[in-house]
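Observations on chain architecture
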Amino acid sequence: MSAIEPQPGIMEIELYQGGQSTLDGRTDVVKLSSNENPFGPSPKAVEAFARASRQLHRYPPTDHASLRNAIGEVHGLDPERIICGVGSDEIIHFLCQAYAGPGCEVLHTEHGFAMYRISALAAGAVPVEAKETERVTDVGNLLDACTERTRLVFIANPNNPTATMIGGNEMARLAEGLPDGALLVLDGAYAEYVEGYDGGVGLIDSRDNVFMTRTFSKLYGLGGLRIGWGYGPKEVIDTLNRIRGPFNLSQAQLGAAEAAVRDRDYVRHCLAENKRMRAWMAEALAGLGVPSDTSCANFILARFHDAEEAEACDAHLKEAGILVRRVTGYKLPHCLRITVGDEASCRRTVHAIAGFKGARE
Ligand SMILES: Cc1ncc(COP(=O)(O)O)c(C=O)c1O
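Residues numbered from 1 in each chain as written. Predicted model: local features only at pLDDT ≥ 70, side-chain atom pairs only at ≥ 80, totals over all residues. Heavy atoms only, no water.

With that out of the way, let us pick up the layout of surface pockets. Rolled over the atoms, a probe as big as a water molecule pinpoints where empty space is left. Quantified by volume, the largest pocket comes out at close to 640 Å³. At the level of secondary structure, the elements contributing two or more residues to the lining of the largest pocket comprise helix H4 (114-122), helix H11 (307-319) and strand E11 (325-326). Top contributing element to the lining of the largest pocket by residue count: H4, with 3 residues. Each of two domains, domain 1 (16-40 + 265-360) and domain 2 (43-262), supplies a minimum of three residues to the lining of the largest pocket. Here the second largest pocket is characterised by a volume of approximately 440 Å³. If you trace the second largest pocket, you find 25 residues lining it, with Tyr-16, Ser-34, Phe-113, Ser-217 and Lys-218 closest to the centre. Broken down by secondary-structure element, the contributors of at least two residues to the lining of the second largest pocket are helix H3 (87-99) and H4. The element that contributes the greatest number of residues to the lining of the second largest pocket is H3, accounting for 3 residues. (1 Å grid on protein atoms, 1.4 Å probe; cavity = no way out; pocket = protein on both sides within 12 Å on 5 of 7 lines; lining within 4 Å. Points joined across faces, edges and corners; volume = space filled by probe spheres on them. Helix = DSSP H or I, 4+ residues; strand = E, 2+ residues; numbered from the N terminus. Domains from an automatic or database assignment.)

Below, the structure written as structure tokens:
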């Protein structure tokens, strides 16, 4: 056996399973497996990306000031308390690296996003899971699971893959009840999809133990480019910047993200379409005997009778050229996560599921 051994925890990491993106031999695939924006990014972001191609020999800025200022302006936040990363995944990674290590615990919810566990293990910490209640974050269970070793508590609000969320009072109760030395991280990857919700900024600004992560991968349609950001107490930002690579984001990423966040008309259009097709698809599926919790995001967690039915429906959808996401790894084997696509994709998906259900009757 080799004397070269990885650090404790690393070999416990199971490789992240991304949503499938191709089907052999098919060119008409509808991809509803990764919660991407079906309309892609703002044309202004695409232009900014093209402009960056003229400067490929230049290193990008290290401080991301222009993007941080744009995010600050749009969201009414202090740019000095913003950090940008290679997707919010990188911010999650920084948080674990900076605040958790051997002997520490990182708490997340039962059906929480896979990267919390992966980043905790990568840092040598112990991931701890708190049960949800009917697929909703349960603050009581999270508080019960805290120990003096808890350093980070991740909740996605709205959560992936459940699409459910908790309200401001519950978030505040969680922040208030955490042990000293534990940081609450509100993962706002889908926060934009909730009307009137700022991702928890009020709570962050009134306390010193709350942080928020955000992304350009969902509403802004830039998943392929990998840009995310975080907002929180200045000390936390200063800490994370110490481990951030100075050139972690390219000019193409920075320019495209800035153009995207400033294009509010495009954002409004995408939000309106998502809201319209989400309601239509949820209702149509419920009418077929496939219920879902009210979605607060850009996807629906469709519930089937059991794992066998979910698996068979997934296979049927693939036959029809439609890719959705099985969520067995999230302990939801009887569910399929379906991204809200454009109207044609949603109609094609509902039609295929109707065919599947009809054939089983
Ligand atoms: C809840 C949640 N958080 C974070 C992410 C990571 O997003 P990204 O790294 O693309 O910003 C995702 C992506 O699926 C997500 O669903």
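Around the ligand sit 13 residues in total, of which Ser-88, Asn-160, Asp-187, Thr-215 and Ser-217 are the nearest. Contact distances for the ligand include 2.6 Å between a nitrogen atom and a side-chain N or O atom of Asp-187. Within the side chain of Tyr-190, an N or O atom sits 2.9 Å from an oxygen atom of the ligand. Burial of the ligand by the protein chains amounts to 94% of its free accessible area of 400 Å². Of the pockets mapped on this structure, the ligand occupies the second largest pocket. When residues in the shell around the ligand are grouped by element, the largest group, 3 residues, is from H3. Partitioned by chemical class, the residues of the shell around the ligand number 4 nonpolar, 5 polar and 4 charged. (Near = heavy atom within 4 Å. Polar contact = N/O pair within 3.5 Å; in protein donor to acceptor, adjacent residues only side chain to side chain. Areas by Shrake-Rupley, 256 points an atom, 1.4 Å probe, with all protein chains shown as cover. Sits in = over half its atoms within 2 Å of the grid points. Nonpolar A, V, L, I, M, F, W, Y, C, P; charged D, E, K, R; others polar.)

Leu-67, Leu-184, Phe-216, Ile-227, Trp-229 and Tyr-231 are the most contacted members of the largest nonpolar core, which has 55 residues in total. When residues in this core are grouped by element, the largest group, 5 residues, is from helix H9 (residues 251-262). When neighbours within four sequence positions are excluded, Leu-184 is seen to be in contact with Val-153, Ile-155, Met-171, Leu-174, Ala-175, Leu-178, Asn-209, Val-210 and Phe-211. (Core = buried A, V, L, I, M, F, W, Y, C linked by side-chain atoms within 4.5 Å. Buried < 20%, exposed > 50% of the residue type's maximum accessible area, 1.4 Å probe, protein only. Contact = heavy atoms within 4.5 Å.)

Our focus in this paragraph is H3. Compared with the 18 Å implied by 1.5 Å per residue over 13 residues, the 19 Å span of H3 between its first and last C-alpha is a close match. Looking at H3, one finds that the buried residues are Gly-87, Ser-88, Glu-90, Ile-91, Ile-92, Phe-94, Leu-95 and Cys-96. (Expected span 1.5 Å × (residues − 1).)

This paragraph deals with empty space enclosed by the protein. All chains considered together, the criterion is met by 1 cavity of 30 Å³ or more. Quantified by volume, the largest cavity comes out at close to 90 Å³. For the largest cavity, the lining is made up of 13 residues, of which Asn-37, Pro-38, Phe-39, Cys-270 and Asn-274 are closest to its centre. By residue class, the composition of the lining of the largest cavity is 7 nonpolar, 4 polar and 2 charged.

Quick look at the side chain of Glu-105 now. Tracing the chain through its elements places Glu-105 in strand E3 (residues 105-109). With sequence-adjacent residues up to four places away left out, Glu-105 is seen in contact with Val-126, Val-128, Thr-147, Arg-149, Thr-150, Arg-151 and Leu-152.

The full count for this structure, using the stated rule, is 6 aromatic pairs. Here the aromatic rings of Tyr-16 and Phe-113 are separated by 6.2 Å at their centres, their planes lie at 70°, and the arrangement is edge-to-face. Taken together, the residues Tyr-16 in the segment before strand E1 (30-31) and Phe-113 in the loop between E3 and H4 connect sequence positions 97 residues apart. Classification of Tyr-16 by relative accessible area gives partly exposed; the value is 39%. Seen in terms of ring centroids, Tyr-116 and Phe-154 are 4.6 Å apart; in terms of plane orientation they differ by 5°. Their pairing is stacked. With Tyr-116 in helix H4 and Phe-154 in strand E5 (residues 150-156), this residue pair connects regions lying 38 residues apart in the sequence. Classification of Phe-154 by relative accessible area gives buried; the value is 0%. The residue whose ring lies beneath Arg-347 is Trp-280, and the NZ or CZ to ring-centre distance is 4.7 Å. (Phe/Tyr/Trp six-rings, centres within 6.5 Å; stacked < 30°, edge-to-face > 60°. Lys NZ or Arg CZ within 6 Å of the ring centre and 35° of its normal.)

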